[in-house]
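Below are the chains, spelled out letter by letter.
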Amino acid sequence: MNSRESIMAALAARLASAQFSTPINGCDSWALLSRRLKLWSDVASADQPALFITEHGENLAYAAEALPGKTTLNVDLFVYIAAGKDPDSIPARDLNIALDAIAACLAPDPTIGRQTLGGLVTHCRIEGRIVKDPGDLDGQGLALVPIKILAP
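Residues numbered from 1 in each chain as written. Predicted model: local features only at pLDDT ≥ 70, side-chain atom pairs only at ≥ 80, totals over all residues. Heavy atoms only, no water.

Student: Could you clarify how one ought to interpret helix α1 (residues 4-16) in this entry?
Tutor: Helical geometry: 3.6 residues make up each α-helical turn, so side chains three or four residues apart lie on a common side. The terminal C-alpha atoms of α1 lie 18 Å apart, and with 13 residues this matches the ideal 18 Å at 1.5 Å per residue to within 8%. Where α1 is concerned, the buried positions are Ile7, Met8, Leu11, Ala12 and Leu15. Looking down the long axis of α1, one finds its buried residues gathered within 135° of arc, a one-sided arrangement. (Helix = DSSP H or I, 4+ residues; strand = E, 2+ residues; numbered from the N terminus. Expected span 1.5 Å × (residues − 1). Buried < 20%, exposed > 50% of the residue type's maximum accessible area, 1.4 Å probe, protein only. Arc of directions from axis to C-beta.)

Student: Just to check I follow, could you spell out the packing of aromatic side chains for this structure?
Tutor: Aromatic rings considered in pairs are described by the distance between their centres and by the relative angle of their planes. All told, the structure shown has three aromatic pairs when counted by the stated rule. Note on phenylalanine 20 and tryptophan 30: the rings are 5.0 Å apart at their centroids and 90° apart in plane angle, and the pair reads as edge-to-face. Of this pair, phenylalanine 20 sits in the loop between α1 and β1 (32-34) while tryptophan 30 sits in the loop between α1 and β1, and the two are 10 residues apart along the sequence. Accessibility classification places phenylalanine 20 together with tryptophan 30 in one group, the buried group. Both rings, one in phenylalanine 52 and one in tyrosine 80, keep their centres 5.2 Å apart while their planes meet at 50°; by these two values the pair is tilted. Placement of phenylalanine 52 in strand β2 (residues 50-61) and of tyrosine 80 in strand β3 (residues 70-82) is noted, with a sequence separation of 28 residues between them. Since its relative accessible area comes to 2%, tyrosine 80 is described here as buried. Feature note: the residues Trp40, Phe52 and Tyr80 constitute an aromatic cluster, connected by ring pairs. (Phe/Tyr/Trp six-rings, centres within 6.5 Å; stacked < 30°, edge-to-face > 60°.)

Student: Mind showing me how you'd approach the pairing of β2 here?
Tutor: Moving residue by residue along a regular strand, the side chains alternate between the two faces of the sheet. In terms of strand pairing, β1 meets β2 through three bridges, oriented parallel. Within the sheet, the bridge partner assigned to leucine 33 lies in β2 and is leucine 51. In this structure, β2 lies alongside β3, joined through 11 bridges in antiparallel fashion. Following the sheet pairing, glycine 57 is matched in β3 by asparagine 74. (Pairing = 2+ DSSP bridges.)

Student: What exactly am I supposed to notice about helix α2 (residues 91-105) here?
Tutor: Under the 1.5 Å per step criterion, the end-to-end length of α2 is 22 Å for 15 residues, consistent within 8% with the ideal 21 Å. When we look at burial in α2, the residues that qualify are Pro91, Asp94, Leu95, Ile97, Ala98, Leu99, Ala101, Ile102 and Cys105. Lining the buried residues of α2 we find α1, β2, β3, β4 (123-126), β5 (131-133) and β6 (140-151). (Contact = heavy atoms within 4.5 Å.)

Student: Can you help me understand the environment of aspartate 94 in this one?
Tutor: Checked against the element boundaries, aspartate 94 lands in helix α2. For aspartate 94, a relative accessible area of 12% puts it in the buried group. Between the C-alpha atom of aspartate 94 and that of isoleucine 24, which follows or precedes it by 70 residues, the distance is 6.0 Å. Setting aside residues up to four positions removed in sequence, aspartate 94 forms contacts with Ile24 and Ile81. Among the polar contacts made by the side chain of aspartate 94, one reaches the side chain of arginine 93 at a distance of 2.2 Å. (Polar contact = N/O pair within 3.5 Å; in protein donor to acceptor, adjacent residues only side chain to side chain.)

What follows is the structure, encoded as structure tokens:
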């Protein structure tokens, strides 16, 4: 397996290249991207849309005693958007734009049919339930996106 740090650095670099189809809060990409999670109350509206990349667990599985194990890195992406309290805006729109940008960054390489973060991993993809709170009531939008990375 390649080092966990090289894998996480490659994931962060790929996500840093995200481009929004429509600006969010005047930004074409993340106003803030970090691998250290902050509470949304500690992230100024001017620093949003923000993306935080967090590592919360690993799974190790073996197909047979004599074979090396396969490690799955469990990563969570926290997306914050400053939805504001404009009653005429649609906060879910900004979350959808941000999620589409993440999906585009992690889209499979068309030549091999999967995202390998430059050959570092077997696959890296969004997998599981995405939690969305667009911020209709309090003006603070949030999405939690589960990423699974299979590292041989």
